[in-house]
Amino acid sequence: MSVTSCGTGETDGTLTLATDCSGLESPALILKEMGIPFRSLWVSETCEHALKFIRNNCEPERIDRDITKRDVKSLPKNPDIYVSGPPCSLFSSMNVKEKKADDPRREMFDYVLETIEVVEPKVFILENVRSVYTCEKGKVWEEITTQLDEFRKYWWDHMVLDPCKHGGCPQSRPRVYIVGLRKDLGVRHVPWPEEKQLTRTCVSLLDTHILEGRRVAPCYWRQLKVWGISEDTMAVIEPNGSSRSFSPYAGKAGKVKELTDSQRASIARVEIASCMVSHDPGPFVPALKRHCTVAEMFRLQGFDDSKIRVPPGLTTCQMSAKIGNQMNGGILRELLSRLVPLVQK
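Visitor: Any chance you could break down the sheet that holds strand S4 (residues 81-84) for me, citing the residues and the numbers?
Guide: Here we have seven strands laid out as an open sheet, ordered S3-S2-S1-S4-S5-S7-S6, and mixed in their pairing. Looking along the sheet, the strands with just one partner apiece sit at the ends: strand S3 (63-64) and strand S6 (154-161). Note: strand S5 (residues 123-129) against strand S7 (residues 175-182), seven bridges, orientation antiparallel. Looking at S7, one finds that Phe124 is bridged to Gly180. Across the face of the sheet, helix H1 (residues 26-34) comes into contact with strand S1 (15-20), strand S2 (38-44) and S4 while running at roughly 150 degrees to S1.

In structure tokens:
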């Protein structure tokens, strides 16, 4: 391992990575898959389950539990790549609760942007839900872009990337990605990935020989019956989003609206899985009579599960929540394969 010089991120050529709101540390997992040597300068994460996973799969040199209380000036300067996905639940369309201007999650973006301004990474990648564009009638996005425009040392751009279109991953998970390039790299335009054809389906990622696992609760079987979906259907179903789009409960008229074949197909996914979320219970497969395994969920998120070590003691339910909330591996692979050469040339 190379030695940090004078409190900066400068090394003997080994790539340096830093992340905040790190979750399961997706960038590090993908760099390992790609076979790129790197140093993890720091991570920050409040969830103990996630930290247990990080310690079992990565070797961060520094761990911060709460970035709002750390001294940002104590962080190593000039990391090659900085990645953060600030909490998105405040901006998400899945959040039906009232959004408050003083919600502490809103401040997280400010702390992330302050970190970029102070440590000056060569490249930064930020990720959030699409509704960050429209939250509070566009006011939140305007505030973010105003701060980004004040970074005089960077060119930056944003784009909505979807794993099933840009990441070779059979899951629909459109997210806003913001990429910044430090001007001394000499590259003004972000090398965004182009759309490409999928070569796998979500069902092809399932271990259909595994019949044991986390059982599906009776309420979800009742939902399938209401929707007119067979219990023997070989498909991936994400019940949270599906029940929001097509309520399985009777309305004011005392009846549940009958679904069309195309609507049933949008629930029971065979080719492209619905967006995975952190809410319980996670995706399930009717024909297998169980929820997706941890390995299957990692695959649906674009990771090679054979290279991942799940710590003993973490349940499928706990892992499901964290996997559903992490950055997609397919998209990160596409971005990092284009950005790493820029900082190493």
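Visitor: A description of the packing of H1 against helix H11 (residues 329-344) should follow, citing residues and the corresponding values.
Guide: It is the contact of H1 with H11, at a shortest axis distance of 10 Å, that shows an interaxial angle of 65 degrees. Classed by the angle they form, the pair H1 and H11 counts as roughly perpendicular. You can see that H1 and H11 cross each other, and the crossing is right-handed. When H1 is examined against H11, the residues Ser26, Pro27, Ile30, Leu31, Glu33 and Met34 are found in contact with a partner set consisting of Gly329, Leu332, Arg333, Leu336, Ser337 and Val340. Looking at the contact of H1 with H11 residue by residue, the classes come out as seven nonpolar, three polar and two charged.

Visitor: If you had to explain the environment of Val270 to someone new, which residues and values would you point to?
Guide: Secondary-structure assignment places Val270 in the loop between helix H8 (261-267) and strand S8 (284-285). In the structure, Val270 is positioned eleven residues away from Leu259 in sequence and 17 Å away in space, judged by C-alpha atoms. Other than its neighbours up to four places away in sequence, Val270 contacts Thr201, Cys202, Val203, Met234 and Ala235.

Here is what the cut-offs are and how they apply
Residues numbered from 1 in each chain as written. Predicted model: local features only at pLDDT ≥ 70, side-chain atom pairs only at ≥ 80, totals over all residues. Heavy atoms only, no water. Pairing = 2+ DSSP bridges. Helix = DSSP H or I, 4+ residues; strand = E, 2+ residues; numbered from the N terminus. Contact = heavy atoms within 4.5 Å. Axes fitted to C-alpha atoms, helices over the stretch in contact; angles between N-to-C directions. Parallel < 35°, antiparallel > 145°, perpendicular 65-115°, else oblique. Left-handed = near helix turned anticlockwise from the far one by under 90°. Nonpolar A, V, L, I, M, F, W, Y, C, P; charged D, E, K, R; others polar.

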